[in-house]
Amino acid sequence: MSDNPPKYNVAIAGATGAVGGAMLDVLKRRDFPINTLRLLASERSLGKRIPFKGQDIEVELLSKDAFEGIDIALFSAGATRSLDFAPAAAAAGAVVIDNSSAYRMDPEIPLVVPEVNSHAIADYKKHGIIANPNCSTIQMLVALKPILDKVGIKRLVISTYQAVSGTGAKAIEELDSQVKAYASGKKLSATVYPHQIAFNCLPHIDSFLDNGYTKEEMKMVNETRKIFEDDTIGITATTVRVPVYYGHSESVNIETKSKITAAEVKELLGSAPGVKLVDDPKNLRYPLATDCAGKFETLVGRIREDESIDNGINLWIVSDNILKGAALNAVQIAETFISEFK
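So, how was this worked out
Residues numbered from 1 in each chain as written. Predicted model: local features only at pLDDT ≥ 70, side-chain atom pairs only at ≥ 80, totals over all residues. Heavy atoms only, no water. Phe/Tyr/Trp six-rings, centres within 6.5 Å; stacked < 30°, edge-to-face > 60°. Helix = DSSP H or I, 4+ residues; strand = E, 2+ residues; numbered from the N terminus. Buried < 20%, exposed > 50% of the residue type's maximum accessible area, 1.4 Å probe, protein only. Expected span 1.5 Å × (residues − 1). Core = buried A, V, L, I, M, F, W, Y, C linked by side-chain atoms within 4.5 Å. Contact = heavy atoms within 4.5 Å. Patch = residues over 30% accessible without salt bridge, like charges linked within 9 Å, V, L, I, M, F, W, Y side chains within 5 Å. Areas by Shrake-Rupley, 256 points an atom, 1.4 Å probe, with all protein chains shown as cover. Salt bridge = Lys/Arg side-chain N within 4 Å of Asp/Glu carboxyl O. Pairing = 2+ DSSP bridges. Axes fitted to C-alpha atoms, helices over the stretch in contact; angles between N-to-C directions.

### Thoughts on the packing of aromatic side chains
Here is step 1: All told, the structure shown has four aromatic pairs when counted by the stated rule.
Here is step 2: Judged by centre distance (5.6 Å) and plane angle (45 degrees), the ring pair of Tyr161 and Trp316 falls under tilted. Taken together, the positions of Tyr161 in strand S9 (residues 153–162) and Trp316 in strand S14 (residues 312–319) put the pair 155 residues apart, joining distant regions of the chain.
Here is step 3: Residue Tyr161 is classed as partly exposed on the basis of its relative accessible area, which comes to 31%.
Here is step 4: Of the residues examined, Trp316 reaches a relative accessible area of 23% and is grouped as partly exposed.
Here is step 5: Between Tyr182 and Phe199, the aromatic rings sit 4.6 Å apart at their centres with planes inclined by 45 degrees, giving tilted as the arrangement. Taken together, the residues Tyr182 in helix H5 (residues 169–183) and Phe199 in the loop between H5 and helix H6 (215–228) connect sequence positions 17 residues apart. A single burial state applies to Tyr182 and to Phe199, both of which are exposed.

### Thoughts on H5
Each α-helix winds once per 3.6 residues, and so residues spaced three or four apart point in a common direction.
Here is step 1: Compared with the 21 Å implied by 1.5 Å per residue over 15 residues, the 21 Å span of H5 between its first and last C-alpha is a close match.
Here is step 2: Positive phi appears at Gly185, one or two residues downstream of H5, with a value of about 75 degrees.

### Here we look at the nonpolar core
Here is step 1: In terms of nonpolar packing, the biggest core is built from 56 residues, with Phe67, Phe75, Met140, Leu144, Leu156, Ile254 and Leu315 touching the most fellow members.
Here is step 2: Discounting residues that sit within four places of it in the chain, Phe67 has contacts with Ala11, Arg38, Leu40, Leu62, Ala73, Phe75, Phe85, Ala89 and Ala92.
Here is step 3: Membership of the second largest hydrophobic core comes to 40 residues, among which are Leu37, Val59, Ala326 and Val331.

### Some remarks on a nonpolar patch on the surface
Here is step 1: Residues Val179, Tyr182, Phe199, Tyr245 and Tyr246 make up a contiguous nonpolar surface patch of roughly 500 Å² in combined accessible area.
Here is step 2: Along the chain, Val179 turns up in helix H5.

### Things to note about the sheet that holds strand S6 (residues 72–75)
Here is step 1: Spatially, the six strands line up as an open sheet ordered S5-S2-S1-S6-S7-S8, and their pairing is parallel. Edge positions in the open sheet fall to strand S5 (60–61) and strand S8 (129–131), since each of these has one partner strand only.
Here is step 2: As defined by bridge partners, strand S1 (residues 8–13) adjoins strand S2 (residues 34–41) across five bridges and the pair is classed as parallel. Within S2, the residue paired with Val10 across the bridge is Leu37.

### Observations concerning the sheet that holds S9
Here is step 1: On the basis of which strands lie adjacent, the open sheet formed by six strands has the order S10-S9-S11-S14-S13-S12 and mixed pairing. Both edges of this open sheet fall to strand S10 (234–241) and strand S12 (275–277), since each of them pairs with a single strand only. Along the sheet, successive strands turn relative to each other by an average axial angle of 20 degrees, direction set aside.
Here is step 2: Pairing analysis gives five bridges linking strand S13 (residues 298–305) to S14, with the strands arranged antiparallel. Within the sheet, the bridge partner assigned to Arg304 lies in S14 and is Asn314.

Taken by themselves, the reported measurements are silent on function.
In structure tokens, the structure reads:
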């Protein structure tokens, strides 16, 4: 047996976007075993060179024949491109890990948070595709899994406070420009969002559905049930866009099936994979969006019992939406795949 661990040919589709860049950073920070790296994007990025581990790698065109010889394809190019190109990548022999919404609710495609349901990766063989959940779902379930395993979950009431980076680079630029306009006494203009985002909160992420909820809210409902493999959990969500650059924050009220105390939850989460407990209210220590940027861990605090019901717990959950909410989770799926399912 060789002493040299295997290395893999990796492609990133959407390599020049914010999440694609974060995927590169995560691959480097976690020393993923790469043999060759192929960076794919649209025509407007062709020829651009991106540094990676002392090399300058030229961006190539994302096309259906760009995946020959690729073992793992990380997709962050949007749902439309994933629907167009992911099946071709899988047909060429690559395992696709897709960050878009394209395949999340397909019953034959595994939807995976490695700390929560890594066993589901085994189902990749059906289509060669593994879906990365929505950012707000990922961080919540990392925190909820130990509680689910210990006492069960009956109902969730969720309120999110999501950073503009979740919308993309243009949203970051819009917040920047509005803050500068406000400071100089100029009129604020909004094009990315339907209303001013600076110094404001918009209870509106993604489009509205016939039931009055937004797509983002229903993603949290449906993805949670799929990942936890339990359609009986009652879930309601309100998702809000706030004038923060990076880091989604969530208030989650949990009704458990059996009683659990706040002290017991703190003990559980203090040793949970992917979680960092930040819960010292006497010293004003609790999870903050400004503290999570660039960190791999999901921060959890403000843990307290809901005194209005018999079996209730409140959590405040914060995570870097570009990392654990997207790039990191995708790379962790790839790591789990090569260690347990390859």
